Amino acid sequence: MTSFVLSIYLSVSILFPFGSQPTPGDPFLIVNKMTNELAFINENEVQRVLPVATGRSTEDTPEGLFTIIIKAEDPYYRKKNIKGGAKDNPLGTRWIGFDAKGTNGRIYGVHGTNRPDSIGKYITAGCIRLLNKEVESLFKVVPIGTKIMITTSENDFYKLGVEAGALSKDKAMLDHKGVQNFVH
């Protein structure tokens, strides 16, 4: 019986990471509300830094360490009954939902937008808004179970990544000067 339970645990843990997360090399997202930017960290490197829109007030976009638990293409906008893929859908073309405030991944998320002029602003009801082409790219490489850290900080993404455990200190020190190459 013990071996059966262990085999179930091991096969499920491949699909959904358990234990302490992140570790250097794992995909990881950091959103810094101070700069309205999102960093995608993978393979122990800051891969991309993208501009985002966040909450109108500091309380709207929750801070902390969360887990991506749902992903959807052409998400349906329940609040106003707008079909996925519709031009007036404010969620854009992709939804990457996380479990902030004990929610089920359908309330808070990283998503696209039908208002590209809103990127960089403090304008959302709590989600993190990206350009559609950027969220589509991110959607492909961020698996369910990925951790997302949302913070307001003066620290750069390398320091934040090291503090969160997503970057090894040695690697971050070597790569630190190259971060500007990834900023759009």
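A quick note: this is a predicted structure, and the numbers were derived from the prediction, not measured. (Residues numbered from 1 in each chain as written. Predicted model: local features only at pLDDT ≥ 70, side-chain atom pairs only at ≥ 80, totals over all residues. Heavy atoms only, no water.)

Enquirer: Requested: an account of the side chain of K33, with residues and values cited.
Expert: Topologically, K33 is positioned in the loop between β1 (28–32) and β2 (37–42). On the basis of relative accessibility, which here comes to 6%, the residue K33 falls in the buried class. At 3.2 Å, the side chain of K33 and the side chain of E63 are in polar contact. In contact with K33, other than residues within four places in its own chain, are T54, T58, T61, E63, Y122, I150, T151 and T152. (Helix = DSSP H or I, 4+ residues; strand = E, 2+ residues; numbered from the N terminus. Buried < 20%, exposed > 50% of the residue type's maximum accessible area, 1.4 Å probe, protein only. Polar contact = N/O pair within 3.5 Å; in protein donor to acceptor, adjacent residues only side chain to side chain. Contact = heavy atoms within 4.5 Å.)

Enquirer: Can you explain the sheet that holds strand β10 (residues 147–151)? Please cite residues and give values.
Expert: Across the sheet, which stays open at both edges, the 8 strands sit in the order β3-β2-β1-β10-β5-β6-β7-β9 with mixed pairing between neighbours. If you trace the sheet from one side to the other, it starts and ends with β3 (45–51) and β9 (128–129), each paired once. Packed onto the sheet, helix α2 (residues 132–141) meets β1, β2, β3, β5 (64–73), β6 (94–98) and β7 (108–111) and runs at close to 55° relative to β6. Packed onto the sheet, helix α3 (residues 157–164) meets β1, β2, β3 and β10 and runs at close to 125° relative to β1. (Pairing = 2+ DSSP bridges. Axes fitted to C-alpha atoms, helices over the stretch in contact; angles between N-to-C directions.)

Enquirer: Kindly report on the environment of F157, identifying the contributing residues and their values.
Expert: Within the secondary structure, F157 is located in helix α3. In this structure F157 comes out as buried when scored by relative accessible area, which is 8%. For the pair F157 and V46, spaced 111 residues apart in the sequence, the C-alpha separation amounts to 7.6 Å. For F157, the residues in contact, after removing those within four places along its chain, are I30, N32, E37, L38, A39, I41, V49 and L167.

Enquirer: If you had to explain the pattern of salt bridges to someone new, which residues and values would you point to?
Expert: Enumeration according to the criterion identifies 4 salt bridges in this entry. Of the charged contacts in the structure, one is a salt bridge between E134 and R48, with a shortest N-O distance of 3.0 Å. Highlighted residues: E134 in helix α2 and R48 in strand β3, separated in sequence by 86 residues. According to the relative accessible area criterion, R48 is partly exposed, its value standing at 22%. Among the ionic pairs, R115 bridges to D117, the shortest N-O distance being 3.9 Å. (Salt bridge = Lys/Arg side-chain N within 4 Å of Asp/Glu carboxyl O.)

Enquirer: So, the pairing of β2: which residues are in play, and what are the values?
Expert: Residues in a regular strand project their side chains so that they alternate between the two faces of the sheet. Burial runs high along β2: 5 of the 6 residues are buried. Relative to β2, β1 runs antiparallel, the two being bridged by 5 bridges. The partner of V31 across the bridge, within β2, is L38. With antiparallel pairing between neighbouring strands as the criterion, β1 and β2 make up a hairpin whose turn holds 4 residues, including N36 at a positive phi of roughly 50°.

Enquirer: Outline the environment of F98, supporting the account with residue identities and numerical values.
Expert: With respect to the helices, strands and loops of the structure, F98 is situated in strand β6. As a C-alpha pair, F98 and I69 span 29 residues in sequence and 5.4 Å in three-dimensional space.

Enquirer: Could you give me a rundown of the nonpolar core, with the residues and numbers involved?
Expert: Counting residues in hydrophobic clusters, the biggest one holds 21 residues, and the most contacted among them are L29, L38, F98, V110, I128, L138 and I148. For this core, the secondary-structure elements that each account for two or more residues are β1, β2, β5, β6, β7, α2 and β10. Ranked by residues supplied to this core, first place goes to α2 with 3 residues. Apart from residues no more than four positions distant in its own chain, L138 is found in contact with L29, L38, F40, I96, V110 and L130. F28, I41, V46 and V49 belong to the second-largest nonpolar core, a separate cluster that totals 12 residues. (Core = buried A, V, L, I, M, F, W, Y, C linked by side-chain atoms within 4.5 Å.)

Enquirer: Report on α3, specifying residues and quantitative values.
Expert: Helical geometry: 3.6 residues make up each α-helical turn, so side chains three or four residues apart lie on a common side. Turning to α3, its buried residues number three or more, namely F157, Y158, L160 and G161. For α3, the arc enclosing every buried residue in end-on projection is 165°, short of the 170-degree limit, so these residues lie on one face. N-capping of α3 is provided by D156, with a side-chain oxygen placed 3.0 Å from the backbone N of Y158. Downstream of α3 by a residue or two, G165 has a phi angle that is positive, lying close to 90°. (Arc of directions from axis to C-beta.)

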